[in-house]
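Residues per chain, in single letters:
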Amino acid sequence: RSSVPALLAVRLVQFGMAAVIAVLIVCAVPVLKLVLMAVLFKVTAAVIEPVADKRVVKAVNALGTAVGMLLMTVLAAVSLFLLMLAMIVMMTGLQ
């Protein structure tokens, strides 16, 4: 009889790990998009610098910086969500 709660706890931990992997897979696409956009804006600013007006170059470079900040915000939110999910898995696995 004592093996049933232990088996249930193992199943909950396995479900939690599957949820963590699923969250990582789902969050990978937007993170990669933001990385590519930030790099693209920075490269575009470097390429148009010799031929474009300084204000345009500064604007494109600022866009790259803003997308980089957005990327950091998304990464912070994902990491906090994963931390919360890990805490929930650990609490259910101990009971």
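Since the structure is predicted, the reported quantities are computational estimates derived from the model, not experimental observations. (Residues numbered from 1 in each chain as written. Predicted model: local features only at pLDDT ≥ 70, side-chain atom pairs only at ≥ 80, totals over all residues. Heavy atoms only, no water.)

## Description of the overall build of the chain
And step 1. When helices and strands are counted, the chain shows two helices and zero strands.
And step 2. Expressed as a percentage of the 95 residues in the chain, the buried residues total 19%.
And step 3. Considering only contacts in the chain between residues 6 or more positions apart, those separated by 24 or more positions represent 66%.
And step 4. Counting only carbon and sulfur atoms, one obtains 80% of the accessible surface of the chain, whose full area is about 7,200 Å². (Helix = DSSP H or I, 4+ residues; strand = E, 2+ residues; numbered from the N terminus. Buried < 20%, exposed > 50% of the residue type's maximum accessible area, 1.4 Å probe, protein only. Contact = heavy atoms within 4.5 Å. Areas by Shrake-Rupley, 256 points an atom, 1.4 Å probe, with all protein chains shown as cover.)

## A look at the nonpolar core
And step 1. Core analysis: the largest hydrophobic core is formed by six residues, namely Ala19, Val20, Val23, Val78, Leu82 and Leu85.
And step 2. At the level of elements, α1 (3–48) and α2 (54–94) are the ones that each hand at least two residues to this core.
And step 3. Among the nonpolar cores identified, the runner-up in size contains five residues, and Val31, Leu34, Val67 and Leu71 belong to it. (Core = buried A, V, L, I, M, F, W, Y, C linked by side-chain atoms within 4.5 Å.)

## Section: the pattern of salt bridges
And step 1. On inspection of all chains with the given rule, the structure shows one salt bridge.
And step 2. A salt bridge links Arg55 to Asp53; the shortest N-O distance between them is 2.9 Å.
And step 3. For Arg55, a relative accessible area of 68% corresponds to the exposed category.
And step 4. The class of Asp53 is partly exposed, set by a relative accessible area of 38%. (Salt bridge = Lys/Arg side-chain N within 4 Å of Asp/Glu carboxyl O.)

## A short note on the environment of Leu82
And step 1. Relative to the helices and strands, Leu82 is located in helix α2.
And step 2. On the basis of relative accessible area, Leu82 is assigned to the buried category, the value being 17%.
And step 3. Separated by 63 residues in sequence, Leu82 and Ala19 place their C-alpha atoms 9.3 Å apart.
And step 4. Once residues within four sequence positions are removed from consideration, Leu82 is found in contact with Val20, Val23 and Leu24.

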